[in-house]
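# Inside the fold
These are the residues of each chain, in order.
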Amino acid sequence: HEIRTADQENDTENNALVVFRHRTALKRKKLSSCMGALVDSSLVTKTSEIFDYGCGRGDDVAILAQNNFEKVSGWDPYFSNGNAIPKKSEFVSLSFILNVIEDTDERHSVLKKAFKIASKALVFSVMLEHQNTLQFAYPFNDGYLTSINTFQKYYSAPEIEAVVKEQLNEIP
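Read on for an overview of the structure. (Residues numbered from 1 in each chain as written. Predicted model: local features only at pLDDT ≥ 70, side-chain atom pairs only at ≥ 80, totals over all residues. Heavy atoms only, no water.)

## Overview of helix α4 (residues 157-168)
The condition that has to hold: Labels follow the DSSP assignment, with helices taken as runs of H or I lasting at least four residues and strands as runs of E lasting at least two, numbered in each case from the N terminus. One less than the residue count of a helix, multiplied by 1.5 Å, gives the span that helix is expected to have. Three labels apply to residues, based on accessible area from a 1.4 Å probe with only protein chains included: buried if under 20% of the type maximum, exposed if over 50%, partly exposed otherwise in between. By construction, the arc corresponds to the directions joining the helix axis to the C-beta atoms. In what follows, residue pairs with any heavy atoms lying within 4.5 Å of each other are defined as contacts. Think of a polar contact as two N or O atoms within 3.5 Å of one another; within protein, one of them needs to be a possible hydrogen donor and the other a possible acceptor, and neighboring residues in sequence only count if both atoms come from side chains.
Between its terminal C-alpha atoms α4 stretches 16 Å, which fits the 16 Å expected from 12 residues at 1.5 Å a residue. For α4, the complete set of buried residues consists of I160, V163, V164, Q167 and L168. All buried residues of α4 lie within an arc of 95° about the axis, which places them on one face of the element. Exposed positions of α4 whose direction lies more than 90 degrees from the buried face are P158 and E166. Next to the buried residues of α4 lie α3 (104-117) and β6 (118-125). With a side-chain oxygen positioned 3.1 Å from the backbone nitrogen of E159, the residue opening α4 is S156. Looking one or two residues past α4, N169 carries a phi angle of roughly 55°, positive in sign.

Set out below in structure tokens:
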């Protein structure tokens with residue numbers, strides 16, 4: 001069997017096992033931990049450009065807009081793929097995106113793209129190994145395929161640090 005990513009729920013063919021990345025997008029009533037940390041920092045003002053790369057359902061973007069942040073935008077391949085990905089944004093948030101991409105090369109590409117867009121700072125978060133609460137998942141690639149056909153990659157702190165150093169030539 002082949003494993004591939006689907007753009008739509010009904011996008012299956014040839015008995016392929018499909019990874020539904022969009023199923024990992026949470027509905028939020030408050031800012032994600034990643035976006036919350038960025039907003040709580042002394043770096044961001046209400047007029048800062050903030051781009052949420054992989055914004056899911058767009059809740060962080062909506063919450064920031066409701067709180068008078070003037071230049072906030074987001075993009076997601078499933079929920080907001082019609083939105084433009086800016087060439088530059090002062091701040092870029094990549095909140096738990098690296099955890100749900102089952103292809104290592106694509107994961108690294110997304111990290112590099114987000115870093116290239118950020119003119120002041122890239123803020124990202126990942127799930128760590130000790131946060132793995134999966135049940136009914138089986139190993140796939142360097143992570144797990146869940147019972148609802150989502151992928152989860154859990155990092156150790158040294159591992160994500162090594163990825164940043166290797167992919168971005170930066171020390172986190």
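## Quick notes on the pattern of salt bridges
How we decide: Salt bridge, as used here: a side-chain nitrogen of Lys or Arg that lies within 4 Å of a carboxyl oxygen of Asp or Glu.
For the coordinates displayed, the defined rule picks out five salt bridges. In this structure, E159 and K153 form a salt bridge, with 2.6 Å as the shortest nitrogen-oxygen distance. Close ionic contact of K165 with E161 constitutes a salt bridge, the shortest N to O distance being 3.2 Å. Here E161 and K165 lie together in helix α4, a separation of four residues that amounts to about one turn. Assessed through its relative accessible area of 39%, K165 is described here as partly exposed.

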